[in-house]
Amino acid sequence: MNTTFTLDQLSALTDLSLRTIRYYIQLGLVDRHEGDRKHARYTQKHLDQVLQVRAMADQGTSLERIKQLIHGITTPPPPPKAAGDISVISKVFISLGVELHLEPQAAGLSPEKLRLFVRSVLSTWEEINANQ
């Protein structure tokens, strides 16, 4: 038995707004509905696609990168560094003997994502030490 959903049902099942789901469809992250516009129906495949996009977005992956991943587009590796290249390194003190060295630009980390990453690392470090 093939279960189908209305857009409202798909929204309720994924806890995403109608507008967000329509936007995902517009971007090509989710397939277009089946049937004519008035009687649009969505299948399990659509539900799976929306949930996959949501999971990746919740992890901080940009919608552009999600689109690349879904469509199998790989980005070429960055060119090797040459003599004279300049890069900015962020050095984060975690604890005595533990430092984290990051190159945010090469990692594609915005300042917001960098702060989130550092907070996450610090939190994990605290959890590890709390369990000892």
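Reading the values: the criteria
Residues numbered from 1 in each chain as written. Predicted model: local features only at pLDDT ≥ 70, side-chain atom pairs only at ≥ 80, totals over all residues. Heavy atoms only, no water. Salt bridge = Lys/Arg side-chain N within 4 Å of Asp/Glu carboxyl O. Helix = DSSP H or I, 4+ residues; strand = E, 2+ residues; numbered from the N terminus. Buried < 20%, exposed > 50% of the residue type's maximum accessible area, 1.4 Å probe, protein only. Core = buried A, V, L, I, M, F, W, Y, C linked by side-chain atoms within 4.5 Å. Contact = heavy atoms within 4.5 Å.

Now for the pattern of salt bridges. Applying the stated criterion across every chain yields a total of four salt bridges. The salt bridge involving D58 is made with R54; its shortest N-O contact spans 3.4 Å. Here D58 and its partner R54 are both found in helix α3 (residues 44-58), four residues apart, which amounts to about one turn of the helix. We classify D58 as exposed; its relative accessible area is 58%. Overall, R54 belongs to the partly exposed group, its relative accessible area being 24%.

Attention shifts here to the nonpolar core. Residues L10, I21, Y24, Y42 and V50 are the most contacted members of the largest nonpolar core, which totals 16 residues. Examining the composition of this core, we find that four residues originate from one element, α3, more than from any other. Filtering out sequence-adjacent residues up to four positions away, Y42 remains in contact with T3, T4, F5, T6, L7, L10, I25 and H33. Within the second largest apolar cluster, six residues are counted, among which are V92, I94, L100 and V118.

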